[in-house]
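What the coordinates show
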Protein chains: 2
Amino acid sequence: MTQLKKAKEGIITEEMREIARLEGIEPQQIRKGVEDGKIVIPFNPNHKGLKPCGIGNGLRTKVNANIGTSDKYPDSHPELVKAKAAIDAGADAIMDLSTGGDVKSIRKAIISEVNVPIGTVPIYEAGIIAQNKKGSIIEFTVDELFDIIEEHAEQGVDFLTVHCGLTLEAVERLRREGRITDIVSRGGAFITGWMLKNEKQNPLYEHFDRLLEIAEKYDVTLSLGDGLRPGCIADATDRAQIQELIILGELVQEALKQGVQVIVEGPGHVPLNEIQANVQLQKKICHGAPFYVLGPLVTDIAAGYDHIAAAIGGAIAAAAGADFLCYVTPAEHLGLPTEEDVKEGVIASRIAAHAADIVKGVTGAKEWDLKMAKARKGLDWEAQLKLAVDPKKAKKYRDVKNPSDVETCTMCGKLCAMDLIAKFIKNVD
Amino acid sequence: MTQLKKAKEGIITEEMREIARLEGIEPQQIRKGVEDGKIVIPFNPNHKGLKPCGIGNGLRTKVNANIGTSDKYPDSHPELVKAKAAIDAGADAIMDLSTGGDVKSIRKAIISEVNVPIGTVPIYEAGIIAQNKKGSIIEFTVDELFDIIEEHAEQGVDFLTVHCGLTLEAVERLRREGRITDIVSRGGAFITGWMLKNEKQNPLYEHFDRLLEIAEKYDVTLSLGDGLRPGCIADATDRAQIQELIILGELVQEALKQGVQVIVEGPGHVPLNEIQANVQLQKKICHGAPFYVLGPLVTDIAAGYDHIAAAIGGAIAAAAGADFLCYVTPAEHLGLPTEEDVKEGVIASRIAAHAADIVKGVTGAKEWDLKMAKARKGLDWEAQLKLAVDPKKAKKYRDVKNPSDVETCTMCGKLCAMDLIAKFIKNVD
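What counts as what
Residues numbered from 1 in each chain as written. Chains lettered and ligands numbered in written order. Predicted model: local features only at pLDDT ≥ 70, side-chain atom pairs only at ≥ 80, totals over all residues. Heavy atoms only, no water. UniProt positions renumbered as here; feature names shortened; annotations may be inferred. Pairing = 2+ DSSP bridges. Helix = DSSP H or I, 4+ residues; strand = E, 2+ residues; numbered from the N terminus. Axes fitted to C-alpha atoms, helices over the stretch in contact; angles between N-to-C directions. Contact = heavy atoms within 4.5 Å. Buried < 20%, exposed > 50% of the residue type's maximum accessible area, 1.4 Å probe, protein only. Right-handed = clockwise from strand over helix to strand, strands pointing away. Parallel < 35°, antiparallel > 145°, perpendicular 65-115°, else oblique. Nonpolar A, V, L, I, M, F, W, Y, C, P; charged D, E, K, R; others polar. Least-squares fit on C-alpha atoms with pLDDT ≥ 70 in both. Domains from an automatic or database assignment. Buried area = accessible area lost by both parts, 1.4 Å probe. Salt bridge = Lys/Arg side-chain N within 4 Å of Asp/Glu carboxyl O. Polar contact = N/O pair within 3.5 Å; in protein donor to acceptor, adjacent residues only side chain to side chain.

If you check an unreviewed UniProt entry, chain A appears there as Phosphomethylpyrimidine synthase from Aceticella autotrophica. In its Catalytic activity (unreviewed entry) section, UniProt records this for chain A: "5-amino-1-(5-phospho-beta-D-ribosyl)imidazole + S-adenosyl-L-methionine = 4-amino-2-methyl-5-(phosphooxymethyl)pyrimidine + CO + 5'-deoxyadenosine + formate + L-methionine + 3 H(+)".

This is how it looks when you write it as structure tokens:
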């Protein structure tokens, strides 16, 4: 029975209880959130050793890190190292987007070694197999696609990205609208190619009931992909994007009826002043389903620093109600990230998530900052380093830049305002 | 005659004309903005070789980089290197905050070698001299302070930070309010110490007319400092901060009457959802004077990555109307930044400024992104690298990660959505 079905029956599961403990809120609130479809617990019982993690309304904003091989870099080992680096840096979930080498074995290794929720995009594998066997990534049958989806679920994947809302109708809207970058989602491109080639409806939409059966059987959370997300600022919030969102909203309702947990993926590239509207729209249209945003990037020109463009967009999105941030690394738009890129991406997203959690009123968020403020005021360097989002990097800076006899820091030295004011006030009071 | 006095007389100066050309707008609009006090041109005629730069309403959001020695690092050479690195990375202005070594010579060297507007905080020098001569940083007289201010102006400094609004009244409000981090502005700390010790009003407030005389004589832009800016999230937008802002608003009006250009400095550490209110408040209270924000940092816990926390806050502030962003480096709160930190800080602020310029409707901002989007769609790597905010870093990523035969990139390889969709649509149309 899925977490959602249990929630509907009033059952507080062990996972709900653990999440409540981690978040510092009441178990009953978790159960109610799951029942209402506003919280998901991506927790596939086949993923052994998994630590429960809740995503959604009232909870700490979570961060996902994508890792995975590609055709030019098919070796699994570096990707496992990156997954671990991401978790060390504080990632709450990992998506394995491998498309090079033996993707099934890679996935198996990642599931067995990683104890946070794992997500995948099964259509990639369908495309790769088709490419290898038939020379074209869209030469797969509906059955082949669903077999792969079930295989992922059976292996223990906790959430599956499925581009169910990218229908023929949505593609037609895309054509009428006209776009600069058309489709930038890989899964979206596969599905669109498949539909155009076969002149048939998107199988993930047409056979959504089949998807629900698999998701129900394994308690896999569906992450409804946004195949029509904008790939540049100019394409943001257009009719094609919103058409797909409307269809996803309908599918959310179907999934919930069936007892299947579901989240919705969102943009993408969005100008800063359209982010709040995007989040509000998703929350309304999808009846409060958790929102998983990919960035959003607030400019197209930050190649090499897209983690910063994404942190800006992610913070605004999360403050407006987005629940789950997909990290972006400095390598975005340029190539496969290194371990260092992965770490930088996770930390940038965590800063965005935390800045939002402060204003969302998430339990413990403001308190963390308050502790840091007090440590600063007290010139307590040990506490400051410990409280930093990345204690290792903070310590490295502190050690390199400051001789050990410096009580303040080398930026202001004897002119430290904190130090001066403490002395002045002491002298005068 | 100051730029402002000329603007009032309907004169379009050479500098206004050049700024209009750089910004792609009408010279008359620049003149009007200066007349109304909504645009400043920090352009001290004694700063030889200076390139004109406009800051304010309707113009590209500008970025300032702070450099300068400290007691533990008194050598001027690295600071000159950092100033050049900042300008190479796209900084629009440099503040020399030197407090170590021979600060007068360092300033002279920076003014002579740097062709963007230079700002300073003269009270630092008053404090250092007092410290060296009398053993206490607050043992300076009013005349000594004003002599130093005039010396900076005479040397060619283009804008001066002066903490004029931190009055006894404001300090009293600070006491009544109670704060976690009290005063974190160095200049603010000096002034407060001076006032408490001497039991006298802030000389920069009491003798504001004297300040205006100097500013008028040299056409130095006054940057009214926020000595009471919040130093942590918990202290943001409190009565002390807003009390100082109200006083600054009154001083803005006096300065404009006198024909003196003026900008207003703002926070600091501010939760994400209070930034817009802070900008609106400054714009109203200060009658549209350009707003120069220090960050703002949206969380206290990002030590080692404060450039990212500042990029989030800076983008939101600039989108709400802030005109000038003071960068923050990854070394903030930990020590003096290195050259690499300076570069990272400038780029992060430029991304924030540009993301805001897109939504502010600044001439050319959207167009830059559109060019990048088209280059991406066309898989035109040369154009993509050229259009990146930091072409060198983008090229390095591209070169390291991608064998030269890769037409797409190693992230998606053969599965590049851009590439696939182009082919599908071509095949089907």
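Picking up after the structure, the text goes on.
Let us look at the sheet that holds strand S4 (residues 93–96) of chain B. Residues and elements named next belong to chain B. Reading around the circumference, S3-S4-S5-S6-S7-S8-S9-S10 is the order of the eight strands in this closed barrel, with parallel pairing throughout. If you compare each strand with its neighbour and ignore which way they point, the axes differ by 25° on average. As paired elements, S4 and strand S5 (residues 118–120) share three bridges and run parallel to each other. By the bridge assignment for S5, Asp96 is matched with Thr120. Seen against the sheet, helix H11 (residues 208–218) touches strand S6 (159–162) and strand S7 (221–224) and runs at an angle of roughly 140° to S7.

The subject of this paragraph is the pairing of strand S8 (residues 262–266) of chain A. All names here are of chain A. Of all five residues in S8, five are buried; the element is thus mostly enclosed. Residue alternation in S8 divides its side chains into two sets, Val262, Val264 and Gly266 and Ile263 and Glu265, and both sets are buried. Bridging between strand S7 (residues 221–224) and S8 involves three bridges; their strand directions are parallel. The partner of Ser223 across the bridge, within S8, is Ile263. Handedness of the S7-helix H12 (residues 239–257)-S8 crossover: right-handed. Inspection of the sheet shows S8 paired to strand S9 (residues 291–294) by three bridges, in the parallel sense. Bridge pairing in S9 places Gly266 opposite Val293. As a crossover connection, the stretch from S8 through helix H13 (residues 275–285) into S9 is right-handed.

Turning our eyes to something else, we now look at the packing of helix H15 (residues 339–360) of chain B against helix H16 (residues 365–377) of chain B. Residues and elements named next belong to chain B. In contact at an axis separation of 7 Å, H15 and H16 are set at 105° when each is read in the N-to-C sense. Classified by the angle their axes make, H15 and H16 are roughly perpendicular. Packed against H15, whose contacting residues are Arg350, His354, Asp357 and Ile358, the element H16 presents Ala365, Lys366, Trp368 and Asp369 at the interface. In terms of residue class, the contact of H15 with H16 is built from three nonpolar, one polar and four charged.

Take chain A, turn it by 180°, move it 0.0 Å along the axis, and it overlays chain B with an RMSD of 0.0 Å. The superposition of one copy onto the other is thereby described by a two-fold rotation axis. Relative to the rotation axis, the closest C-alpha in chain A is found at A:Ile312, a distance of 2.2 Å. Comparing interface residues between copies, 100% of those in chain A also lie at the interface in chain B; the contact surface is shared.

Residue and element names in this part refer to chain A. Domain assignment breaks chain A into domain 1 (43–360) and domain 2 (365–428). Placing the centre of domain 1 and that of domain 2 at their C-alpha centroids yields a distance of 40 Å. Between domain 1 and domain 2 the total buried area reaches about 670 Å² when both faces are included, carbon and sulfur atoms providing 62% of it. Interface area lost by domain 1 to domain 2 is led by Arg350, His354 and Ile358, which between them contribute 59%. Scanning the region where domain 1 abuts domain 2 turns up one salt bridge. A salt bridge links Asp390 to Lys343, with the shortest nitrogen-to-oxygen separation between them at 3.1 Å. Counting the contacts that link domain 1 with domain 2 gives three residue pairs in polar contact (both at pLDDT 80 or more). Of the residues in the side of domain 1 that touches domain 2, the class split is three nonpolar, one polar and four charged.

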